[in-house]
Amino acid sequence: MADQLPPRPHHGGIPVRLTTAQALIAFLAAQYTERDGVRHRLIGATWGIFGHGNVAGVGQALVEAGPALMPYHQGRNEQAMVHAAVGYARQCGRLSAHAVTTSIGPGATNLVTGAALATVNHLPVLLLPGDTFAGRPADPVLQQLEVPYAGDVSVNDCLRPVSKYFDRITRPEALIPAALAAARVLSDPAETGAVTLALPQDVQVEAYDWPAEFFEDRVWHVRRPAPESYEIDRAVRAVRNARRPLLIAGGGVHHSAAEDALRDFADATGIPVASTQAGKGSLRHDHPADVGGIGHTGTAPANQLARAADLVIGVGTRYSDFTTASATLFSGPGVRFLNLNIASFDAHKMAGLPLVADARAGLEALTSALEGHRVDSAHHEAKAAWETRVGEAYAGSEDARPTQTQVLGVLDELVTSDDILINAAGSLPGDLHKLWRTRSRDQYHVEYGYSCMGYEIPAAIGVQLAAPGRPVWALVGDGTYLMNPTEIVTAVQEGLPIKIVILQNHGYASIGGLSESVGAERLGTAYRFPSGEPLPVDLAANAASLGMSVLRAKTRHDLREALTRARAADVPTCVYVETETADTVSGPPPAQAWWDVPVAETATRPSAVKAREEYDRQVAARRRHL
């Protein structure tokens, strides 16, 4: 019965007899995180697709537990289930996560991409793939990969390099230390990511007498480590000695809920703030200190400041190649770095002064220690000029087919601070990073750590589960849509009113442009017949066939009406628009900084020869910061 789980300890510590799977679900239902005095459920729900490797174990345990103790969501694709769980975790500030259960074989290997995305972005998700028999009564079993040189290897070992913690539960009692370790890593702000507990199908159903204490409510405190006084003193000296400091806000600002602390720091010191893709929205777009995105997809004001900076203050960033323009952006003489990060690994990057601490605690300490210190930054005119450029990119005729940036402009007119925008891949991340006017701390949800095509729609479901009542938009191109539309069915089934905007440009527009720039001549990047004619694919009809309400827009005027209706809709709704690709009037601003994609060193085709010449010119500007 549902009200019998999770079992509570009796006085005297009488053991509780359950299967391994039942014990795992009962344990998970009793785990909580706590930060700043607020408690959250660690595992808010479990996603699952069932097969012979988990149906009798975890599946049966979920039936025993019931939805009140462990809610269950039915997925259509294992990778998509992980994306949904990641979207949920990010929206919850990493304080609550979802579990994902699969069968053995292809169901388990489908988790790998989602696991890599979670770990790259430091977002918690618990993976529970079924595994082959621990006792090996029949060997091999259906879907087992035989490895001649190792009898204890299964396809689940593919998850080891993309997991922050991995264990295979080959005996029931081994679950106790493994489950505790899993919860520790999931709740650790410096170590979190994908956690995998591989569950042999025979062990899942094996009963054991579990100590009652295993099922007691357990609270995992999410710490806010303060910086050491030694590191604060060095950081303060560095800031006071800098004439042209620039702060880069990374995803760690959001993960720490440090937005207010960052605003207070910027208000007190006058130091301008640029943002990575993960950090965008750390300040509102209209805050005087905000200069927009940094790096290859960043704004001109931010990158101008970066080139001249003598001190770069990185807060919660891991300095990806897009942020550093492949190590060519920070070119000021004697530029140094000060890195505030909860992870020591990231705090020491760029040979910077490390400030190992929680982002909020570190910013508060810096603001206090820098009392009275203020810099003059002449970025306001450049910021105003960039805003004019944004307006030009957003503008267009009401009766014409819109460009991609004009679609963003219409959406910009309609949204409020309640709306959440989700994107991950293609040319949209660059346009959004440069142009989008972020209105709230969690409005901008662009997954650019792994930049995974197909993330957007399932992630929108996870975000909607975490933020009911708020408009959640998944922005996708046709290439991304075709990667992973299956969870539309899940949104329809669960009545989640996500909004999907499909921008049809007949191919991989982003990679097409990149292909042209490196001399590959757009090979394999267009969705067209050999004649050049577009394929007769109707993605709007596809979305409708999966159960969505679909609105088609041909002009900018149509688009405004469709987006308005979609925003107000209480059912999953798709807005389909074919975008203008041959735009020479109001396209997005070009890249404001370089990105290193190696070009063929020898070639006969003129496009590749020219591309290599440009590559050699750009790469000469790379420097190592030591």
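Residues numbered from 1 in each chain as written. Predicted model: local features only at pLDDT ≥ 70, side-chain atom pairs only at ≥ 80, totals over all residues. Heavy atoms only, no water.

1. Remarks on the sheet that holds strand β3 (residues 38–41)
Pairing in this open sheet of three strands is mixed, and the strands run β3-β2-β11 from one edge to the other. Among the strands making up the open sheet, the edge pair consists of β3 and β11 (218–221). Ignoring strand direction, the axes of neighbouring strands in this sheet form an average angle of 35 degrees. Bridge analysis of strand β2 (residues 31–35) against β11 gives four bridges, and the strand direction is parallel. Bridge pairing in β11 links Glu34 to His221. Helix α1 (residues 20–29) rests against β2, β3 and β11 of the sheet, and its axis sits at about 25 degrees to β2. (Pairing = 2+ DSSP bridges. Helix = DSSP H or I, 4+ residues; strand = E, 2+ residues; numbered from the N terminus. Axes fitted to C-alpha atoms, helices over the stretch in contact; angles between N-to-C directions. Contact = heavy atoms within 4.5 Å.)

2. As for a nonpolar patch on the surface
There is a patch of nonpolar side chains on the surface, built from Phe50, Val55 and Tyr72 and spanning about 240 Å² of accessible area. Relative to the elements of secondary structure, Tyr72 occurs in strand β5 (residues 72–74). What makes Tyr72 partly exposed here is its relative accessible area of 32%. (Patch = residues over 30% accessible without salt bridge, like charges linked within 9 Å, V, L, I, M, F, W, Y side chains within 5 Å. Areas by Shrake-Rupley, 256 points an atom, 1.4 Å probe, with all protein chains shown as cover. Salt bridge = Lys/Arg side-chain N within 4 Å of Asp/Glu carboxyl O. Buried < 20%, exposed > 50% of the residue type's maximum accessible area, 1.4 Å probe, protein only.)

3. What about empty space enclosed by the protein?
If you roll a probe as big as a water molecule over the atoms, it shows you where there is empty space left. Applying the stated criterion across every chain yields a total of four cavities of 30 Å³ or more. When its volume is computed, the largest cavity comes out at roughly 140 Å³. Lining the largest cavity we find 13 residues, and of these Asp290, Val291, Gly292, Trp386 and Glu387 sit closest to its centre. Class assignment for the residues of the lining of the largest cavity results in five nonpolar, three polar and five charged. If you add up the space inside the second largest cavity, you get close to 60 Å³. If you go around the second largest cavity, the residues you meet are Ile104, Gly105, Ala108, Gly130, Asp131, Thr132, Gln143, Gln144, Leu145, Ser154, Val155 and Asn156. Across the lining of the second largest cavity, the residue classes tally to four nonpolar, seven polar and one charged. (1 Å grid on protein atoms, 1.4 Å probe; cavity = no way out; pocket = protein on both sides within 12 Å on 5 of 7 lines; lining within 4 Å. Points joined across faces, edges and corners; volume = space filled by probe spheres on them. Nonpolar A, V, L, I, M, F, W, Y, C, P; charged D, E, K, R; others polar.)

4. Things to note about the packing of aromatic side chains
If you walk through the whole model with that rule in mind, you get 11 aromatic pairs. Measuring from centroid to centroid gives 5.8 Å for Trp210 and Phe214, while their planes differ by 15 degrees, and the two rings are stacked. Take Trp210: its relative accessible area is 0%, and that puts it in the buried class. Measuring from ring centre to ring centre gives 5.4 Å for Phe330 and Phe337, while their planes differ by 85 degrees; the resulting arrangement is edge-to-face. For Phe337, a relative accessible area of 2% puts it in the buried group. Just above the ring of Tyr32 sits the side chain of Arg39; from NZ or CZ to the centre is 5.3 Å. The ring of Tyr576 has Arg552 sitting right over it, with the charged end atom 5.7 Å from the ring centre. (Phe/Tyr/Trp six-rings, centres within 6.5 Å; stacked < 30°, edge-to-face > 60°. Lys NZ or Arg CZ within 6 Å of the ring centre and 35° of its normal.)

5. Some thoughts on the environment of Ser344
Position of Ser344 relative to the elements: it lies in helix α13 (residues 344–347). Taking the C-alpha atoms as reference, Ser344 lies 37 Å from Thr416; in sequence the two are 72 residues apart.

6. Looking at the environment of Gly334
Along the chain, the position of Gly334 falls in the loop between α12 (321–324) and β16 (336–341). Accessibility expressed as a relative area gives 56% for Gly334, which makes it exposed. Sequence separation between Gly334 and His625 is 291 residues, and the spatial gap between their C-alpha atoms is 9.4 Å.

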